[in-house]
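A closer look at the structure
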Amino acid sequence: DPFFVYLPHPQPHVPLFADPAFQDTQDRGLYGDVISEIDNSVGQLLNTLKEEELDENTIVVFTSDNGPWLSYGGHAGSPGIFREGKGTNWEGGHRVPGIVRYPKAVQPNTRIDAPAMGIDWLPTLVEFTQSNTPKKKIDGASLVPLLTGETLQSPHENFFFYYRTNELHAVRHKDWKLYVPHTYRSLNGKEGTNDGFPVPYDRNEIKIPELYDLSLDPEEQNNLADLYPEWVTKITKIADSVRGVLGDRLTGIKGSETR
């Protein structure tokens, strides 16, 4: 019969722990041990699907919910080249692994650089499984054309970055990303520890809009707001349009479709 499994590994979220069989096996320390155990767990799942002759017709999605919790230092992951981490709307805060295995429809070794969102998985699985589309309005879009190679384009032209219940912090329009005035947490260069305890964050403030070209500057180091005021104006209007729908606590807008 058709089946669905949602398996949220508690790791690598703090507090970290690993089975004795995986302890002290990785150069990365305890965090590496945890990742190794997760890798082993996923391997067991894939092997079971193969043993049951289900692997060719089963969609496997491996992903995460946010970037690394940087204040935990060695007990957290790394954002790589990207700026900041969990709890912010900089690229390091929300870029996560997105791996899909579905031999029936997705070619192996396919790399997709177009952006997508976690809310896109529902309509994607609906289309792949030819299920009934939810009757209530949803904001996600099917990734099937992207995953199967029909297109290289994201199903979304705009991405809206909300945080702290209902604060709009940033808007991505194509490759441009505009940050609106807000505060965010940062270590500001402080090193985290390796003992499982966090170091305190500072609070930084963006007082005027900042604009970044993610195609040329994924590290978000070069604020181009002064050079491209036309893009600041255009994306600000896009921000206003979503505030009217979803609301925004920072500007006091309630929103017509808060749900």
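Residues numbered from 1 in each chain as written. Predicted model: local features only at pLDDT ≥ 70, side-chain atom pairs only at ≥ 80, totals over all residues. Heavy atoms only, no water.

A look at the pairing of strand E3 (residues 158–163)
Relative to strand E4 (residues 167–173), E3 runs antiparallel, the two sharing 6 bridges. Bridge assignment links Phe161 to a residue of E4, and that residue is Ala170. (Pairing = 2+ DSSP bridges. Helix = DSSP H or I, 4+ residues; strand = E, 2+ residues; numbered from the N terminus.)

Quick word on helix H3 (residues 121–128)
Each turn of an α-helix holds 3.6 residues, which means side chains three or four residues apart point in the same direction. Burial in H3 covers these residues: Trp121, Pro123, Thr124, Val126 and Phe128. Where H3 is buried, its residues contact strand E1 (60–63), strand E2 (98–101) and helix H4 (144–147). Where H3 terminates, the next one or two residues include Gln130, which has phi positive at roughly 55°. (Buried < 20%, exposed > 50% of the residue type's maximum accessible area, 1.4 Å probe, protein only. Contact = heavy atoms within 4.5 Å.)

What about the nonpolar core?
The nonpolar side chains of a soluble globular protein tend to be buried, and buried together. Among the nonpolar cores identified, the biggest contains 12 residues, and these are Leu168, Val171, Trp176, Leu178, Leu211, Leu224, Ala225, Val232, Ile235, Ile238, Ala239 and Val242. The set of elements that each furnish at least two residues to this core consists of E4, strand E5 (176–179) and helix H5 (229–246). The element that contributes the greatest number of residues to this core is H5, accounting for 5 residues. Setting aside chain neighbours within four positions, we find Ile235 in contact with Val171, His173, Trp176, Leu178 and Leu211. Of all hydrophobic cores here, the second largest spans 10 residues; its members include Val106, Trp121, Phe128 and Leu146. (Core = buried A, V, L, I, M, F, W, Y, C linked by side-chain atoms within 4.5 Å.)

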